[in-house]
Amino acid sequence: MLNKPDAGLATDPDAGTGTCGLDGEAVKALLQGAVLKGRDPLVILRGASIDPLVYGNADAAIDGRSLVRLVRQIQSSIDDVYLGFLGQGCRLALETERMLSFLHCATFGEALRVSIRFTDAMSTDVGPWIEEEHGSGLQHICKYHTIAGVERDILVWIRFVWIYQMFSWLIGRPLALRGVSVKGSRPVQANGFDRFALFGCPVTFNAPVDALCYSWSDLTVRLVHGSISEYEEYYSSEPDWFASPGHGLSWHEKTQQVLIDLQKAGLGSAPIEVVAARLRTRPRRLRHDLALEGHSFQDIRTRLRGELASAYLLASDVPITAIGLVLGFSEPGSFSRKFFAWAGMTPSAYRAEYIADPVKVAAATALLKERRIS
């Protein structure tokens, strides 16, 4: 456990420090390049809202959101995408240009190739290329020529994390990696945290090359993001880099959850454009992904509105006209027609039919308590 921090240090429980996650020794390693450039690591940690006592402490750790803040803080403090680990770094302005070079590509495969060509031209200390791996997938091999005094393995890991998270964000779901290989040995932390578990695939250590192996099927997946503002918004939201992108939920489940959250916020009839934006995808792509799962946006929204309408009818004395307004219907007749299509009877008939049914009323009460507008 950490000792009691000095006055002025970050002690907020939401600051992302604890005993599970990337430990303080790895945090210190990430800061090596900045330290060699004369930067104070404790100042950088404070700038990232991380308790400086984490630095070099194997019994302390940071979470995935704190890692994003730390990487961004290091990069901005020395104006180098590669955290000061290379003799010839890469200024942040060039990183923006690289993003712009492939954000408007059609597919992941196209974006990957454009990104590699741009990266290869950015620094002589970085040498990415792609090659077929015995017909089973496409290897994205990365060479990093690091300077003396830094731990190369930690740079390889953080760059692989960035590549995986960024391209997963671009296609709107986790990349289906076939494997990861690294030239270094397996990193071991006292807290048992596995830095490579987030990739969700086999990892080969002490390999001849540092590489990510992509599935052929992912190469034709279309990008769902296309602007630098979306990219900046993604980073400003402090994504959790230790979580698998999408958290394993289906598009149906994610769409349903967003619609329920919007119901609670008072938007009972959210359009697909709003939901797609919340899910960081595009309306057309969301319709396509839902269709692949056997669902449609309209059906999901209709069902959720019908469930909430029936809950109001049985678990409250709210007038039917007011219920329609809550659910986003401007005309009472429109609400009645939609409800009839869903329940097979009018709202007034539904209330009269089931208001004395204790089972239905109990279920309606629980659902209304869960989804009622705050």
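## So, the pairing of strand β5 (residues 138-142)
Right, on to step 1. Counting buried positions over the 5 residues of β5 gives 5, a clear majority of the element.
Right, on to step 2. Here β5 shows two buried faces, one formed by Leu138, His140 and Cys142 and the other by Gln139 and Ile141.
Right, on to step 3. Taken together, the 5 bridges between β5 and strand β8 (residues 210-214) define a ladder with antiparallel strand orientation. Looking across to β8, one finds that glutamine 139 is bridged to cysteine 213.

## With respect to the pattern of salt bridges
Right, on to step 1. The full count for this structure, using the stated rule, is 6 salt bridges.
Right, on to step 2. In this structure, arginine 285 engages aspartate 289 in a salt bridge whose closest nitrogen and oxygen atoms are separated by 3.3 Å. Of this pair, arginine 285 and aspartate 289 both sit in helix α11 (residues 283-292), 4 residues apart, roughly one helical turn. Each member of the pair arginine 285 and aspartate 289 is classed as buried.
Right, on to step 3. With a shortest N-O distance of 3.1 Å, glutamate 307 and arginine 303 are connected by a salt bridge. Highlighted residues: glutamate 307 and arginine 303, both in helix α12 (residues 297-315), separated by 4 residues, approximately one helical turn.

## Re the packing of aromatic side chains
Two aromatic rings, taken as a pair, are described by how far apart their centres are and by the angle between their planes.
Right, on to step 1. Under the criterion given, the structure shown has 19 aromatic pairs.
Right, on to step 2. Measuring from centroid to centroid gives 5.0 Å for phenylalanine 108 and phenylalanine 167, while their planes differ by 70 degrees, and the two rings are edge-to-face. A residue pair is termed long-range when its members are at least 10 positions apart, and phenylalanine 108 in helix α6 (residues 108-122) and phenylalanine 167 in helix α7 (residues 152-171) qualify at 59 residues. Phenylalanine 167 shares its class with phenylalanine 108; the two are buried.
Right, on to step 3. When the ring of tyrosine 164 is compared with that of phenylalanine 199, the centres are 5.5 Å apart and the planes differ by 65 degrees; the resulting orientation is edge-to-face. Pair noted here: tyrosine 164 is in helix α7 and phenylalanine 199 is in the loop between β6 (179-181) and β7 (203-204), with a separation of 35 residues, a long-range link. Both residues of the pair, tyrosine 164 and phenylalanine 199, belong to the buried class.
Right, on to step 4. Taken together through their ring pairs, the aromatic side chains of Phe329, Phe335, Phe339, Trp342, Tyr350 and Tyr354 make up a single cluster.

## A word on the nonpolar core
Right, on to step 1. Leu67, Leu70, Trp157, Phe167, Phe199 and Trp241 are the most contacted members of the largest nonpolar core, which totals 76 residues.
Right, on to step 2. Counting residues per element, this core draws most heavily on α7, which supplies 15 residues.
Right, on to step 3. Setting aside residues up to four positions removed in sequence, leucine 67 forms contacts with Leu22, Leu30, Ile62, Trp157, Ile158, Trp241 and Phe242.
Right, on to step 4. With 17 residues, the next largest nonpolar core counts Val318, Ile323, Phe329 and Leu368 among its residues.

## A short note on the confidence of the model for the protein chain
Right, on to step 1. Taken over all residues, the pLDDT of the protein chain has a mean of 85, while the share at 70 or more is 91%.
Right, on to step 2. Contacts of residues 1-15 to residues separated by more than four positions or lying in other chains number 23 contacts, the stretch itself having pLDDT below 50.

## A closer look at helix α14 (residues 332-343)
Right, on to step 1. For α14, built from 12 residues, the straight-helix expectation of 16 Å at 1.5 Å per residue is met to within 8% by its first-to-last C-alpha distance of 16 Å.
Right, on to step 2. Note on α14: the residue one or two positions beyond its end, glycine 344, has a positive phi of about 80 degrees.

## Side note on the side chain of threonine 119
Right, on to step 1. Of note, threonine 119 is situated in helix α6.
Right, on to step 2. By relative accessible area, which is 7% here, threonine 119 ends up buried.
Right, on to step 3. Polar side-chain contacts of threonine 119 include one of 2.6 Å to the side chain of arginine 98.
Right, on to step 4. A polar atom in the side chain of threonine 119 sits 2.7 Å from the backbone oxygen of serine 115.

## Topic: the state of the cysteines
Right, on to step 1. What the rule picks out here adds up to 0 disulfides.
Right, on to step 2. For cysteine 105, which is in no disulfide, the shortest distance to another cysteine sulfur is to cysteine 142 and amounts to 17 Å.
Right, on to step 3. Not engaged in a disulfide, the cysteine cysteine 213 finds its nearest cysteine sulfur in cysteine 201; these two sulfurs lie 8.7 Å apart.

Calculation rules
- Residues numbered from 1 in each chain as written.
- Predicted model: local features only at pLDDT ≥ 70, side-chain atom pairs only at ≥ 80, totals over all residues.
- Heavy atoms only, no water.
- Buried < 20%, exposed > 50% of the residue type's maximum accessible area, 1.4 Å probe, protein only.
- Helix = DSSP H or I, 4+ residues; strand = E, 2+ residues; numbered from the N terminus.
- Pairing = 2+ DSSP bridges.
- Salt bridge = Lys/Arg side-chain N within 4 Å of Asp/Glu carboxyl O.
- Phe/Tyr/Trp six-rings, centres within 6.5 Å; stacked < 30°, edge-to-face > 60°.
- Core = buried A, V, L, I, M, F, W, Y, C linked by side-chain atoms within 4.5 Å.
- Contact = heavy atoms within 4.5 Å.
- pLDDT = per-residue confidence, 0-100.
- Expected span 1.5 Å × (residues − 1).
- Polar contact = N/O pair within 3.5 Å; in protein donor to acceptor, adjacent residues only side chain to side chain.
- Disulfide = S-S within 2.5 Å.

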